[in-house]
Amino acid sequence: MADWPSYFPPEASGILSTAGPESVVAQYTASIGTDFATARAHGANIAHYVPVIVELQITIYQMSIIIGAQAGNVDVGIYNEGGTRLVSAGSTAAGAAGIQVFDVTDTILSPGCYYLTLVASTATTLTILAANPTATIIRGCGQRQQASALPLPSTATFAANAQGITPLINAHFTGATV
Amino acid sequence: MSFWPQVSIPDDDTPLLINTSSFWCTGLSMKMMDATTAPVSTAWVANLAIFIPFNLPWPYTVSRFFWVNGATLTGPPNTDVGIFAVDGRKIVSTGNTAQSGASTIQFANASTTARLAPGRYYLGYSNSATLADTFCYGGVSVGPMASHQIFQQTSANPLPSSATFARTSNALIPFCGFTRTSSGF
């Protein structure tokens, strides 16, 4: 067990999330009273890299998003701070409205900074639950992007964020299979 | 689980950046106490400095600072962002930096890379102009700011080597922060 103060003890829900306290973007949205509860369109083939902090070693076995309107394909994955892809689902047809779960290869995350990542193939017809802070503010929370990134690349080419959207992405590490 | 600070922790186990909305700063608790809304382009008070407290549970390397420029950069105005100890001593800052790029985020190198020990500090922000030249949170008020020990100092651009903290009379909290990264974002 780690000997440093834990500010983000493993959540009761057993997920690492872009909407949880381990996410700098979520810390910002909480500070202004907004949320990730609205289904929104994402730029076509643009990968959204959302930084999160991992404080204790965990093993990810599933990832999930929440679909608003079904269309096209999506891919979700996890990258380390240097931009190396650790795991991803691969380009997958978007599911019906509601939670879409991806069974990913069990992946150990040691304490550190990671990017939970999503890319969608369509700009308007597919909607996914997300927050919508302004693009400039999201840059100040560490979020990054990459164009033409479906399926998610093995190595990220980070670009400055220009998207006013942060998708809700969950990585499951404990509990029963969703 | 022990709760004493770890004195040795690799940089990449700490957050990429810390801003005024961060868990370790006042953002969330300000929302609990005030009607805080998203930052917007806001007129500053010339040469005013605002000091926002934050707490680090681990050592942290400060490489760059950042803020968001407002819509009007006539001059252009100068911004100085830095970190102060609780006794007011300036530890590191950008020095006065000409703002460039309306309504965009701007990064500036710290005068020197600073390794902060775990503890409490103040993030200081100062601007030279009275223009809509900085993104500040909306809906803030001086009472909650004072409750959070957010202080001010007038005639403080560039940031002084030793701050004189005073109760704030200006409802201004800039969206700004610092990062351990030397590039990116």
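Residues numbered from 1 in each chain as written. Chains lettered and ligands numbered in written order. Predicted model: local features only at pLDDT ≥ 70, side-chain atom pairs only at ≥ 80, totals over all residues. Heavy atoms only, no water.

Q: Which parts of the structure should I look at to understand the overall build of chain B?
A: Summing up its helical and strand segments, chain B has two helices and 13 strands in all. Relative to a compact globule of 185 residues, whose C-alpha radius of gyration would be 16 Å, chain B shows 15 Å and is just as compact. If you line up chain B on its principal axes, its C-alpha atoms span 50 × 35 × 30 Å. The buried share among the 185 residues of chain B stands at 57%. In chain B, once contacts between residues fewer than 6 apart in sequence are set aside, the share between residues at least 24 apart is 83%. When the accessible surface of chain B is split by element, carbon and sulfur atoms take 55% of a total near 6700 Å². On chain B, the mean spot of the 8 positive side-chain charges and the mean spot of the 7 negative ones are 4 Å from each other. (Helix = DSSP H or I, 4+ residues; strand = E, 2+ residues; numbered from the N terminus. Rg over C-alpha atoms; globule rule 2.2 N^0.38 Å. Buried < 20%, exposed > 50% of the residue type's maximum accessible area, 1.4 Å probe, protein only. Contact = heavy atoms within 4.5 Å. Areas by Shrake-Rupley, 256 points an atom, 1.4 Å probe, with all protein chains shown as cover. Lys, Arg positive; Asp, Glu negative; His and termini not counted. Charge placed at Lys NZ, Arg CZ, Asp CG, Glu CD.)

Q: Help me understand the overall build of chain A, please; the structure alone is not making it clear to me.
A: For chain A, the helix and strand inventory stands at two helices and 14 strands. Dimensions of chain A along its principal axes, counting C-alpha atoms only, are 45 × 35 × 30 Å. In chain A, 80% of the contacts between residues at least 6 apart in sequence involve partners at least 24 apart. Surface summary for chain A: the accessible area is close to 6200 Å², and the carbon and sulfur share equals 53%. In chain A, 4 side chains carry a positive charge and 9 a negative one; their mean positions are 16 Å apart.

Q: Where do I start with the interface of chain A and chain B in this structure?
A: Frequently, the measure chosen for interface size is the accessible area that the parts lose on association. The partner chain B presents 39 residues to the 31 residues of chain A that form the contact. For the chain A and chain B pair, buried surface summed over both sides reaches about 3000 Å², with 65% attributable to carbon and sulfur atoms. In this assembly, chain A and chain B are joined by one salt bridge. Arg180(B) is the partner of Glu81(A) in a salt bridge, and the nearest nitrogen-oxygen pair spans 2.7 Å. The interface formed by chain A and chain B holds five residue pairs in polar contact (both at pLDDT 80 or more) in total. (Buried area = accessible area lost by both parts, 1.4 Å probe. Salt bridge = Lys/Arg side-chain N within 4 Å of Asp/Glu carboxyl O. Polar contact = N/O pair within 3.5 Å; in protein donor to acceptor, adjacent residues only side chain to side chain.)

Q: When you look at the sheet that holds strand S13 (residues 176-179) of chain B in this model, what are you seeing that I'm missing?
A: Backbone-to-backbone hydrogen bonds pair the strands of a sheet. The strands run either parallel or antiparallel. Residues and elements named next belong to chain B. Spatially, four strands are ordered S1-S13-S4-S8 in an open sheet, and the strand pairing comes out antiparallel. The sheet is open, and its two borders are formed by strand S1 (17-19) and strand S8 (105-116), each paired with just one other strand. The mean angle between the axes of side-by-side strands here comes to 25°, regardless of whether they run parallel or antiparallel. Pairing geometry for strand S4 (residues 60-68) and S8, over eight bridges, is antiparallel. Each bridged residue has a counterpart across the sheet, and for tyrosine 60 the counterpart in S8 is leucine 116. (Pairing = 2+ DSSP bridges. Axes fitted to C-alpha atoms, helices over the stretch in contact; angles between N-to-C directions.)

Q: Would you take a moment to explain the confidence of the model for chain B for this structure?
A: In low-pLDDT segments, the atomic positions of the prediction should not be examined closely. Considering every residue of chain B, the mean pLDDT works out to 91; 96% of them sit at 70 or more. Between residues 1-7 of chain B, whose pLDDT stays under 50, and residues either more than four places distant or in other chains, the model counts 21 contacts. (pLDDT = per-residue confidence, 0-100.)

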